[in-house]
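Structure assessment
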Amino acid sequence: MILIEGKKVAEKRREKVIEKLKELGGIPSLAVIRVEGDPASEIYIRIKRKMCEELGINFTEYHLEKDVTQEELLNLIHKLNDDKSVNAILLQSPIPYHLDIMEAFEAINPDKDVDGFSPVNTGRLVQGQPSFKACTPYGIMMLLEEYGISIEGKHCVVIGRSNIVGKPMAELLLNANGTITICHSKTKNLSEITKTADIIVVAIGSPNFITADMIKEDAVVIDVGINRIPGTNKIVGDVDFESAKEKAGYITPVPGGVGPMTIIALMENVIKAYELQNK
Ligand code: NAD
């Protein structure tokens, strides 16, 4: 079994990002919008801020109260769209239920949409055109490339169909000539499908859900899940790492697998946004 060490790959790519920033001739800037209400978002934003500060990317957080109206949220997005000093806009999800997140994503200028969630970027992705790629799936593609794992002709099973992970993941694997099956909470006989996967990406948010008996010998197992064990600080993935590692050919750990790649993918997207606007 080969451990896919996302932390190390992310550190390596970070060096490249530093080089790229030196050659850029300017400083990219990222605006993050946070709507009050989700404590986990604070942690994710802190991580993004820290990385930006370390790399010398301008980072500004716009904090909205949890009773903000849709109009106020859209007004802020339009203001940031028009602001030439802002290269990249990220709306941290989730946001409160009274707000329409799809409309908000749609309002973000596609050239500043570094999460790749606007319909323009998801449409471009589906058509196989250049686009901003959602950071977690993009980071996973980097990992597969780094470990020389070919996708062409492989049966890739993606479990989870969220707009931020599962669906863009499936599209990226399809664009790389994989044969794709997407599974979700209504899928029947899940393990019959997962047992046929050469590459399996699990993004469901259910601790230790995928066990060794559900995977094929030597499969590539990518675990996106981040699940906190209640009452502890322990984080586990969606894959039962201890059993699955005995059977997998390659496997990502949690933590230290996909997570660090998501943040480096975001930094690369921010640089790309800067380049797009300054070419
Ligand atoms: P989500 O809740 O939006 O979607 C979960 C998906 O899993 C749904 O499509 C659902 O149909 C499917 N699902 C749920 N239970 C299932 C089951 N028993 N069998 C088959 N499918 C099932 O979640 P998300 O935003 O895609 O995130 C998934 C996980 O990935 C979470 O643990 C989240 O914290 C984590 N995550 C990690 C990163 C990272 O950088 N590592 C980034 C984003 C999300």
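Scroll up a little and you will see the structure.
Attention now goes to the overall build of the protein. For the protein, the count of helices and strands is 10 helices and 11 strands. For 279 residues, the compact-globule estimate of 2.2 N^0.38 gives 19 Å, and the protein sits close to it at 19 Å. Over its C-alpha atoms, taken along the principal directions, the protein stretches across nearly 50 × 45 × 40 Å. Every one of the 279 residues in the protein was classed for burial, and the buried ones make up 47%. Taking as baseline every contact in the protein between residues at least 6 positions apart, the subset at least 24 positions apart corresponds to 71%. Looking at charge distribution, the protein has the averaged site of its 32 positive side-chain charges lying 2 Å from that of its 39 negative ones.

Attention now moves to a nonpolar patch on the surface. On the surface, Ile43, Tyr44, Ile47 and Ile226 cluster together into a nonpolar patch covering about 350 Å² of accessible area. Taking relative accessible area as the criterion, Ile43 reaches 40% and is therefore assigned partly exposed.

Below, the discussion takes up unusual backbone geometry. Trans peptide bonds make up the majority, and among non-glycine residues the majority have a negative phi. Put simply, Ser93 and Pro94 share a cis peptide bond, and its omega is 0 degrees. Within the fold, Pro94 resides in the loop between strand E4 (88-91) and helix H4 (101-107). Cis geometry is adopted by the peptide bond preceding Pro255, which originates at Val254 and carries an omega value of -5 degrees. With respect to the helices, strands and loops of the structure, Pro255 is situated in the loop between strand E11 (250-251) and helix H10 (258-277). Unusually for a residue other than glycine, Asn177 sits at a positive phi of about 70 degrees. Within the fold, Asn177 resides in the loop between helix H7 (166-175) and strand E6 (179-183). Overall, the relative accessible area of 46% leaves Asn177 in the partly exposed class. The phi dihedral of Asp218 is positive, around 70 degrees, even though this residue is not glycine.

A word on the nonpolar core. Counting 52 residues, the largest nonpolar core has Leu30, Val114, Leu144 and Leu173 as the members making the most contacts within it. Take this core: its biggest share by element is 11 residues, from H10. Those residues in contact with Leu173 that lie beyond four places of it in its chain are Met141, Leu144, Ile151, Cys156, Val158, Gly178, Ile180 and Val201. Listed in part, the 21 residues of the second largest apolar core include Val68, Leu80, Leu91 and Phe117.

What follows concerns the layout of surface pockets. Considered as a void within the structure, the largest pocket measures approximately 1,600 Å³ in volume. As for the largest pocket, its lining consists of 47 residues, of which Tyr44, Thr136, Ile226, Gly259 and Thr262 are closest to the centre. Going through the elements one at a time, helix H1 (6-23), helix H2 (39-55), E4, helix H6 (135-146) and H10 are the ones with two or more residues in the lining of the largest pocket. Considered class by class, the residues forming the lining of the largest pocket number 26 nonpolar, 11 polar and 10 charged. Reported here for the second largest pocket is a volume of approximately 240 Å³. Around the second largest pocket sit 15 residues that line it, and Met102, Phe117, Thr122, Asn163 and Ile164 are the ones nearest its centre. It is helix H5 (residues 119-126) that contributes the most residues to the lining of the second largest pocket, 4 residues altogether. Of the residues in the lining of the second largest pocket, the class split is 9 nonpolar, 4 polar and 2 charged.

Turning next to the pairing of E4. Alternating positions in E4 separate into two faces, Ala88 and Leu90 on one and Ile89 and Leu91 on the other, with burial throughout. Pairing geometry for strand E2 (residues 29-35) and E4, over 4 bridges, is parallel. Note that in E4 the partner of Ile33 across the bridge is Leu91.

What follows concerns the site of the ligand. Neighbouring the ligand are 20 residues; Arg161, Ser162, His184, Ser185 and Thr262 lie closest to it. Here a nitrogen atom of the ligand and a backbone polar atom of Val224 are 3.4 Å apart. At 3.1 Å, a backbone N or O of Ile226 approaches an oxygen atom of the ligand. Relative to its free-state accessible area of 850 Å², the ligand is covered by the protein chains to the extent of 72%.

Another aspect to go through is the sheet that holds strand E3 (residues 58-64). One open sheet holds the 3 strands; their spatial order is E3-E2-E4, and the pairing between them is parallel. The open sheet has two free edges, formed respectively by E3 and E4, since each of these has just one partner strand. Across the sheet, the axes of successive neighbouring strands diverge by a mean angle of 20 degrees, strand direction being ignored. Strand direction decides the pairing type here: E2 and E3, joined by 7 bridges, are parallel. Bridge pairing in E3 places Arg34 opposite His63.

Thresholds applied
- Residue numbers here run from 1 along each chain, matching the order of that chain's written sequence.
- Reporting in this predicted model follows two pLDDT cut-offs: at least 70 for local features of residues, and 80 or more for side-chain atom pairs to be given and counted; totals over whole chains, interfaces and linings ignore these cut-offs and use all residues.
- Remark: hydrogens and water are excluded; side-chain values derive from all non-hydrogen atoms of the structure.
- Elements are defined by DSSP. Helices are runs of H or I of four residues or more, strands are runs of E of two residues or more, and each kind is numbered from the N terminus.
- Here the radius of gyration uses the C-alpha set of atoms, whereas the globule reference equals 2.2 Å times the residue count to the power 0.38.
- Whether a residue is buried, partly exposed or exposed follows from its accessible area with a 1.4 Å probe, protein chains only, as a fraction of its type maximum: under 20%, in between, or over 50%, in that order.
- Note on contacts: a residue pair is in contact if any heavy atoms of the two residues lie within 4.5 Å.
- A residue counts as positive if it is Lys or Arg and as negative if it is Asp or Glu; His and the chain ends are not included.
- Throughout, a charge is located at the NZ atom of Lys, the CZ atom of Arg, the CG atom of Asp or the CD atom of Glu.
- Patch definition: residues with relative accessible area over 30% and no salt bridge; like charges joined within 9 Å; nonpolar side chains (Val, Leu, Ile, Met, Phe, Trp, Tyr) joined within 5 Å.
- Surface exposure here means Shrake-Rupley accessible area, sampled with a 1.4 Å probe, where a residue is shielded only by the protein chains that are shown.
- For this document, the term salt bridge refers to a Lys or Arg side-chain nitrogen within 4 Å of an Asp or Glu carboxyl oxygen.
- Throughout this description, the term nonpolar core refers to a set of buried Ala, Val, Leu, Ile, Met, Phe, Trp, Tyr and Cys residues connected via side-chain atoms within 4.5 Å.
- A pocket, in this scheme, is an open set of points on a 1 Å grid over the protein atoms alone with protein on both sides within 12 Å along at least 5 of 7 lines, while a cavity is a set where a 1.4 Å probe fits but cannot get out; residues line either one if an atom lies within 4 Å of a point.
- Grid points are joined across faces, edges and corners, and a volume is the space filled by probe spheres set on the points.
- Amino acids outside the nonpolar list (Ala, Val, Leu, Ile, Met, Phe, Trp, Tyr, Cys, Pro) and the charged list (Asp, Glu, Lys, Arg) are all regarded as polar, and Gly is one of them.
- Pairing between strands is defined by DSSP: at least two bridges between the two strands are required.
- For each residue, the test is whether any non-hydrogen atom lies within 4 Å of the molecule or strand; if one does, the residue is near.
- Pairs of N or O atoms within 3.5 Å make up the polar contacts considered here, provided that, within protein, one atom can donate a hydrogen while the other can accept it, and that residues adjacent in sequence are counted only when both atoms are side-chain atoms.
- Lines fitted to C-alpha atoms define the axes, with helix axes restricted to the stretch in contact, and inter-axis angles between N-to-C directions lie between 0 and 180 degrees.

Function-wise, these values are silent; they only describe arrangement.
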